Amino acid sequence: MIEARGLARSFTTRHGTVEAVRGVDLSVAAGEIVGFLGPNGAGKTTTVRMLTTLLAPTAGTATVAGCDLRADPAGVRRGIGHVAQGGGTDPSVPVGEELDLQARLHGVPDRRARIAELCELLELTVPASRPSAALSGGQRRRLDIALGLVHRPRLLFLDEPTTGLDPQSRGNLWEHVRSMRDRDGTTVFLTTHYLDEADALCDRLLIIDRGGIVARGTPAELKRRVAGDVVTLELSGAGEPGPAGGEGAASSPASAASPASAAERARSALARHPAVREATVTGRTVRLTVQDGERELMGLVRSLDAAGVVLASVSLARPTLDDVFLAVTGRSLRDAAA
Ligand SMILES: Nc1ncnc2c1ncn2[C@@H]1O[C@H](COP(=O)(O)OP(=O)(O)OP(=O)(O)O)[C@@H](O)[C@H]1O
Ligand SMILES: [Mg+2]
C-alpha cells in the first residue's frame, strides 16, 4: 500500500536548512495498522504530508495506494483519506455542509446515510447548521476524522488523531479504526506520540527520531529485541548497622555492610549472569534489564542469596515502548517530546 525509498525533505529558513526527514524507507502492506511514533519535531507530519502529496519531497520516491507520488498525485489523492494534525475545516462553514461537500467531492453514492453513520459512530451530535468555529476542540477533532473517513478510503493517514480527545472518544476511535481494518481491509498509517495508543492499536511500529527511522517491528518484537524485561530489586536494610543513620552511615567504620555496598555486591553478583544486560543501582534499588526475565528471575534471586544479599522485594515488568525509545536513542520519549 505504501512503498517509500529514501524519502527526504529539507526546509530552508532564515536560520539555515532544517533537515526534517532524512532518507526514510518504509513499506506498509494492505490491511496493516502501522504506527509512526516519535517525539515532537521528529519528522512525522512532514513524512505524512509528503505521502499525501501535500508537500514535494526533496529526494526519494514513493508509491502510495498503487500510484506513483510524483507521476500521479491525483491518483494518490483518490485512493487515500487524510486527517491532518491541525485539521482542515473552514471555521465559518456549517458542519453539515462541510461533510456534504467532502462526500460530494469524492462521489460518495449514499452520502446522507454515510454522514449519519459517521456522526453516530464518532458521537458527533452537534446541529448540522453549527459552524466548526463554534465546536469544542474534541468535537472539531471528531469532525476532522469524519471528513477523512467519509469516502471509505482504502488507505487512511491519521496524524495525531486523538490529541485533544477525551478517553472515551479515544477508545471509540481505536475501536473504529480496528473495525475498518477487520471489516473492510482498510490500511491505516497513524502518527502518534502516545505510547499506549501505539501499543494498543498498531500491528507494526516505525519509530522516528530527528528525521530518521531508528527502530521498526511489532510492539512485542521491539520490546523483546531492544529492551528486555525490567527486574527491580529492593534490598533489605535489615541487619545492616545504623539503618536510620542516613548519610552518617556511609562514613561509619561498618560501611562495608552499608546499604550502598550491599547494592554494589548485588550488582557485581548479577553482572556475571549472561541474561543480565544492564544493572543500575540507586540507593537500595537495583534495576536490571534482563532477557527473558520471567524465566531468569529465580536464578537471579539464588545468586543474590549466595552473595549474602537480603531482598525486601522483587518486581518484574515488561518493557514499555518508552524503554525501547530510551534504548535506541539514549533519551526517554517523554523527555524528548517535552
Ligand atoms: N514549513 C516548514 N518550514 C521550516 N521547518 C519546518 C517546516 N515544517 C516542519 N519543519 C521542521 O521540520 C521538523 C519536523 O517537523 P514535523 O512537523 O514533521 O514534526 P512531527 O514529528 O510531526 O512533530 P509533532 O509531534 O510536534 O507533530 C521540525 O524541526 C520542524 O520545525
Ligand atoms: Mg506532527
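That block above? That's the structure.
Rules used in this analysis
Residues numbered from 1 in each chain as written. Chains lettered and ligands numbered in written order. Predicted model: local features only at pLDDT ≥ 70, side-chain atom pairs only at ≥ 80, totals over all residues. Pairing = 2+ DSSP bridges. Helix = DSSP H or I, 4+ residues; strand = E, 2+ residues; numbered from the N terminus. Axes fitted to C-alpha atoms, helices over the stretch in contact; angles between N-to-C directions. Contact = placed C-beta atoms within 7 Å. Near = placed C-beta within 6 Å. Nonpolar A, V, L, I, M, F, W, Y, C, P; charged D, E, K, R; others polar. Parallel < 35°, antiparallel > 145°, perpendicular 65-115°, else oblique. Left-handed = near helix turned anticlockwise from the far one by under 90°.

Participant: Can you explain the sheet that holds strand β9 (residues 204-209)? Please cite residues and give values.
Facilitator: Taken together, 6 strands build an open sheet; the order of strands is β6-β7-β8-β3-β9-β10 and the sheet is mixed. Because the sheet does not close on itself, it has two edges, and the strands there are β6 (80-83) and β10 (212-217). Across the sheet, the mean angle separating the axes of adjacent strands is 15° when strand polarity is ignored. Relative to strand β8 (residues 187-192), strand β3 (residues 33-37) runs parallel, the two being bridged by 5 bridges. When the sheet's bridge partners are listed, Ile 33 is paired in β8 with Val 188. Most of the contacts of helix α12 (residues 321-329) go to β10, to which it runs at about 135°, and overall it touches β3, β9 and β10.

Participant: Account for the site of ligand 1, with residues named and values stated.
Facilitator: Neighbouring ligand 1 are 14 residues; Phe 11, Ala 20, Lys 44, Thr 45 and Thr 46 lie closest to it. Secondary structure elements with two or more residues in the shell around ligand 1: β1 (2-13), β2 (16-28) and α1 (44-51). A total of 3 residues in the shell around ligand 1 trace back to one element, the largest contributor, which is α1. In terms of residue class, the shell around ligand 1 is made up of 4 nonpolar, 9 polar and 1 charged.

Participant: Lay out the sheet that holds β2 in plain terms, naming residues and giving numbers.
Facilitator: Strand order in the open sheet made by the 4 strands is β2-β1-β4-β5, with antiparallel pairing throughout. The open sheet has two edge strands with one neighbour each: β2 and β5 (67-68). Inspection of the sheet shows β1 paired to β2 by 9 bridges, in the antiparallel sense. Bridging from a neighbouring strand, Arg 9 pairs with Val 21 of β2. Its contacts with the sheet put α1 on β1, β2 and β4 (59-64), and the angle it makes with β1 is roughly 115°.

Participant: Any chance you could break down the packing of helix α3 (residues 95-105) against helix α5 (residues 137-149) for me, citing the residues and the numbers?
Facilitator: At a minimum axis distance of 9 Å, the contact between α3 and α5 shows a crossing angle of 20°. If you check the angle between α3 and α5, you find them roughly parallel. Pair α3 / α5 crosses with right-handed handedness. For the pair formed by α3 and α5, the contact residues are Val 95, Glu 98, Leu 99 and Gln 102 on the first element and Leu 143, Ala 146 and Leu 147 on the second. Taken together, the residues that form the contact of α3 with α5 break down as 5 nonpolar, 1 polar and 1 charged.

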